[in-house]
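# What the coordinates show
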Amino acid sequence: MIDIDGSYGEGGGQILRTSLSLSAITGHPIRINNIRAGRDKPGLAAQHLTSVRAAAIICRAKVRGDAMGSMTLEFIPGSAVQVGNYTFDVSEARQGGSAGAVAMVLQTVLLPLVLANGNSQVMLRGGTHVNYSPSMTYIQEVYLPILHRMGVQVAMQINAWGWYPQGGGEVELSVSSGKPGTACAKGDSWVQLALRDKPGTACAKSDRNLNGINLLKRGDLQQVRGLAVVTQLPSHIPQRMASRAENILREEQLKVKVQPIHAKGVAPGAGLFLTAEYENSLAGFTGLGRIGLPAEKVAEVACEEFLNFHETGAPVDEHLGDQLLLPAALASTRSEYRVAVVSNHLTTNASIIELFGLAKVTVDEEEKRVVVEPLDRKK
């Protein structure tokens, strides 16, 4: 059993998600203590508890400590990851419901399902666009397209938008395995075999069905596109957000188009989501509305985030920087990329990944360069 200190580094939910994903993929049992010790409300919140239970379902794990507020968890996989049709609802984790972020659940189960043999359908319900987590628009417009370059085949659709505090959003995923017939001998995944001590059973690197990625140069900015979205609010609000964003970015001599949208949702909400398309990379930026915040201010928040990033010259934004570590560690070849910010999330995630012995992660904080070298454990 791998013992993991949940208070290490940034001390948040990323430690839990990465640990659960790798436990499900490798079959290694884990014990996590001090879960989310670095947060104001430590322990498992609704989205984390849902992530635990989702990971347990796909690999038939035995779990101890899966309760709201729990700071200790034991997770013992009972089988290889099983493809199938799944529904994971964050609102079911807490009495009275929850707008906990479904992006956290997605990032827990996505790569295990991608590496399994076969296709899966996943329905996620809860908060789709909430503070302190990647929005599902960011996942759709930035994270998944970058993963597609690495061999991840996922189609995603937002059926309903869920804002804080009501939630009620719904996202549908279709997950395909990267290559048919890539499992190693005896029906085990390459990772499970790579972690065994028996000589001659580990698969070679070429059996991994994800490719590494190189993002050292972003190239020229092609365009900035965006969505100005509201649910159950007057139609002038998305138009005001879109107009303000376009005016700010055109003043910077940038090509930009923001589409105002009136979407489906169970409660009022608003947000502006920008995607910067560079020659070699993508980056995403978000402004979320709240009561008392004018539509124009929402647009200004997203635009300021983008312009600050644009000035760095980096190909990879702060959030994508740590999100790329796990797929890069599971890939067949080396990955190398340059980030705008070496965040505490990134360095913490790198340390958790190295605990499982699948890859070596090197972070050059001065050059803001990340190198992920998958380890060949073949005897």
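Residues numbered from 1 in each chain as written. Predicted model: local features only at pLDDT ≥ 70, side-chain atom pairs only at ≥ 80, totals over all residues. Heavy atoms only, no water.

## Description of the environment of Ser70
Counted only if it meets this: Helix numbers and strand numbers start at the N terminus; a helix is a DSSP run of H or I with at least 4 residues, a strand a run of E with at least 2. Any two residues whose heavy atoms approach within 4.5 Å at even a single point are treated as in contact. Whenever a nitrogen or oxygen atom comes within 3.5 Å of another N or O atom, the pair is scored as a polar contact, on the condition that within protein one atom can donate a hydrogen and the other can accept it, and that pairs from neighbouring residues in sequence are kept only if both atoms are in side chains.
Along the chain, Ser70 falls in the loop between strand E3 (62–64) and strand E4 (73–76). On a C-alpha basis, the gap between Ser70 and Arg290 in space is 30 Å, while along the polypeptide they are 220 residues apart. Beyond its immediate sequence surroundings of up to four residues, Ser70 is in contact with Ile35, Gly43, Leu44 and Gly65. Of note is the side chain of Ser70, whose polar atom sits 2.8 Å from the backbone oxygen of Gly65.

## Some remarks on the UniProt feature "active site" (unreviewed entry) in the chain
What counts here: UniProt positions are given in the numbering used here, feature names are shortened, and annotations may be inferred rather than shown by experiment. Burial status follows relative accessibility: with a 1.4 Å probe on protein chains alone, a residue under 20% of its type maximum counts as buried, one over 50% as exposed, and anything between as partly exposed.
The UniProt record annotates "active site" (unreviewed entry) at His345. Relative to the assigned elements, His345 resides in helix H10 (residues 344–355). Since its relative accessible area comes to 31%, His345 is described here as partly exposed. Ignoring anything within four residues of it in the chain, the contact list for His345 reads Glu10, Gln14, Arg39 and Asp322. Among the polar contacts listed, one links the side chain of His345 to the side chain of Glu10, at a separation of 3.4 Å.

## Details of the sheet that holds E3
What counts is decided by this rule: Note on pairing: two strands pair once DSSP finds at least 2 bridges between them. In this analysis, axes come from line fits to C-alpha atoms, helices being fitted only over the stretch in contact, and the angle between any two N-to-C directions falls in the range 0 to 180 degrees.
Across the sheet, four strands lie side by side as E1-E2-E4-E3; this open sheet has mixed pairing. Both edges of this open sheet fall to strand E1 (2–5) and E3, since each of them pairs with a single strand only. Shown here is a sheet whose adjacent strand axes are inclined to one another by a mean of 15°, direction ignored. Inspection of the sheet shows E1 paired to strand E2 (residues 30–33) by four bridges, in the parallel sense. From the neighbouring strand, Ile2 faces E2, where its bridge partner is Ile30.

## Observations concerning helix H6 (residues 236–251)
Because an α-helix packs 3.6 residues into every turn, residues spaced three or four apart end up facing the same way. Stated formally: Take the residue count of a helix, subtract one, and multiply by 1.5 Å to get its expected span. When we speak of the arc, we mean the arc of directions from the helix axis to the C-beta atoms.
The terminal C-alpha atoms of H6 lie 22 Å apart, and with 16 residues this matches the ideal 22 Å at 1.5 Å per residue to within 8%. Inspection of H6 places Ile237, Pro238, Met241, Ala242, Ala245, Glu246, Ile248 and Leu249 among the buried residues, and these make up the whole buried set. Within H6, the buried residues cover an arc of 165° as seen down the axis, which keeps them to one side. Where H6 is buried, its residues contact strand E10 (221–231), strand E11 (256–262), strand E12 (269–278) and helix H7 (295–312).

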